[in-house]
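Report on the structure
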Amino acid sequence: MKEKKVPMRTCVVTKEVRPKKDLIRVVATQEGEVSVDLKGKANGRGAYLILSKEVIEKARKSKALDKKLEVTVPDAIYDTLLSLVGDHA
């Protein structure tokens with residue numbers, strides 16, 4: 001029996017490659033709207049982050065998501081991500 005291939009994604013901050021389910025996706029639509037994509041299926045340009053406080057804070061400081069998504073990521077997105085860390089920890 002063939003093993004199911006695990007989709008791998010790269011964190012935009014740490015450049016670590018991890019299984020997609022271990023990362024959180026932030027997506028920007030063509031209209032420039034940014035949202036946290038919990039299902040991993042939203043249309044638009046996506047960027048993946050490791051769901052940890054340090055990584056999210058680094059992303060906020062370095063503007064890694066802004067660069068990757070080519071939009072300005074609002075602080076509310078980082079706040080949402082940080083609130084999700086609490087759920088996972």
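Counting restarts for each chain: residues are numbered from 1 in the order of the written sequence. Local features in this predicted model are restricted to residues of pLDDT 70 or higher, and side-chain atom pairs are both shown and tallied only at a pLDDT of 80 or more, whereas totals for entire chains, interfaces and linings draw on every residue. For side-chain calculations, the full set of non-hydrogen atoms in the structure is used, while hydrogens and water are omitted.

1. Remarks on a nonpolar patch on the surface
Stated formally: Patch members must show over 30% relative accessible area and no salt bridge, and they are joined within 9 Å when carrying like charges or within 5 Å when they are nonpolar side chains of Val, Leu, Ile, Met, Phe, Trp or Tyr. Accessibility throughout is a Shrake-Rupley quantity obtained with a 1.4 Å probe, and a residue counts as covered only by protein chains that appear here. Each reported salt bridge corresponds to a side-chain nitrogen of Lys or Arg within 4 Å of a carboxyl oxygen of Asp or Glu. Secondary structure elements follow DSSP: runs of H or I no shorter than four residues count as helices, runs of E no shorter than two count as strands, and numbering proceeds from the N terminus.
A contiguous nonpolar patch, built from Val6, Met8 and Val17 and spanning about 260 Å² of accessible area, is present on the exposed surface. Residue position: Val17 is located in strand β2 (residues 17-19).

2. With respect to the nonpolar core
Which entries qualify depends on this criterion: The set of buried Ala, Val, Leu, Ile, Met, Phe, Trp, Tyr and Cys residues whose side-chain atoms join them within 4.5 Å is what this entry labels a nonpolar core. Each residue gets one of three labels from its accessible area relative to the maximum for its type: buried under 20%, exposed over 50%, partly exposed in between, using a 1.4 Å probe on protein chains only. Any two residues whose heavy atoms approach within 4.5 Å are treated as being in contact.
In terms of nonpolar packing, the biggest core is built from 27 residues, with Val13, Val34, Leu49, Leu65, Leu69, Val73 and Leu81 touching the most fellow members. Looking at this core, the elements with two or more residues in it are β3 (23-28), β4 (34-37), β5 (45-50), α1 (53-62), α2 (64-69) and α3 (75-88). No other element matches the 5 residues that α3 contributes to this core. Setting aside its immediate chain neighbours within four residues, Leu49 contacts Cys11, Val12, Val13, Leu23, Ile24, Val55, Ala59, Leu65 and Leu81.

3. A few points about the sheet that holds β4
In sheet architecture, strand pairing relies on hydrogen bonds along the backbone and comes in two forms, parallel and antiparallel. Going by this rule: Strand pairing is assigned whenever DSSP identifies at least 2 bridges connecting the two strands. As a rule, the C-alpha atoms of each element are fitted with a line to give its axis, helices using only the stretch in contact, and angles between N-to-C directions run from 0 to 180 degrees.
The sheet built from 3 strands is open, its strands ordered β4-β3-β5 with antiparallel pairing. Among the strands making up the open sheet, the edge pair consists of β4 and β5. With direction set aside, neighbouring strand axes in the sheet form an average angle of 30 degrees. Pairing of β3 with β4, which is carried by 4 bridges, proceeds in the antiparallel orientation.

4. Observations concerning α1
To keep things clear, this is the line we draw: By definition, the arc is the one covered by directions from the helix axis to the C-beta atoms.
Residues of α1 that are buried include every one of Val55, Ile56 and Ala59, and no others. Down the axis of α1, the buried set is contained in an arc of 100 degrees. They therefore lie on one face. The exposed set on the far side of α1, more than 90 degrees from its buried face, consists of Glu54, Lys58 and Lys61. Looking at the residues trailing α1, positive phi occurs at Lys63, about 60 degrees.

5. Examining the side chain of Asp37
What counts is decided by this rule: Whenever two N or O atoms come within 3.5 Å, that pair is a polar contact, provided that in protein one can donate a hydrogen and the other can accept it, and provided that, for residues adjacent in sequence, both atoms are side-chain atoms.
Within the secondary structure, Asp37 is located in strand β4. A distance of 3.0 Å separates a polar side-chain atom of Asp37 from the backbone nitrogen of Gly40. Separated by 3.1 Å, the side chain of Asp37 and the backbone nitrogen of Lys41 make a polar contact.

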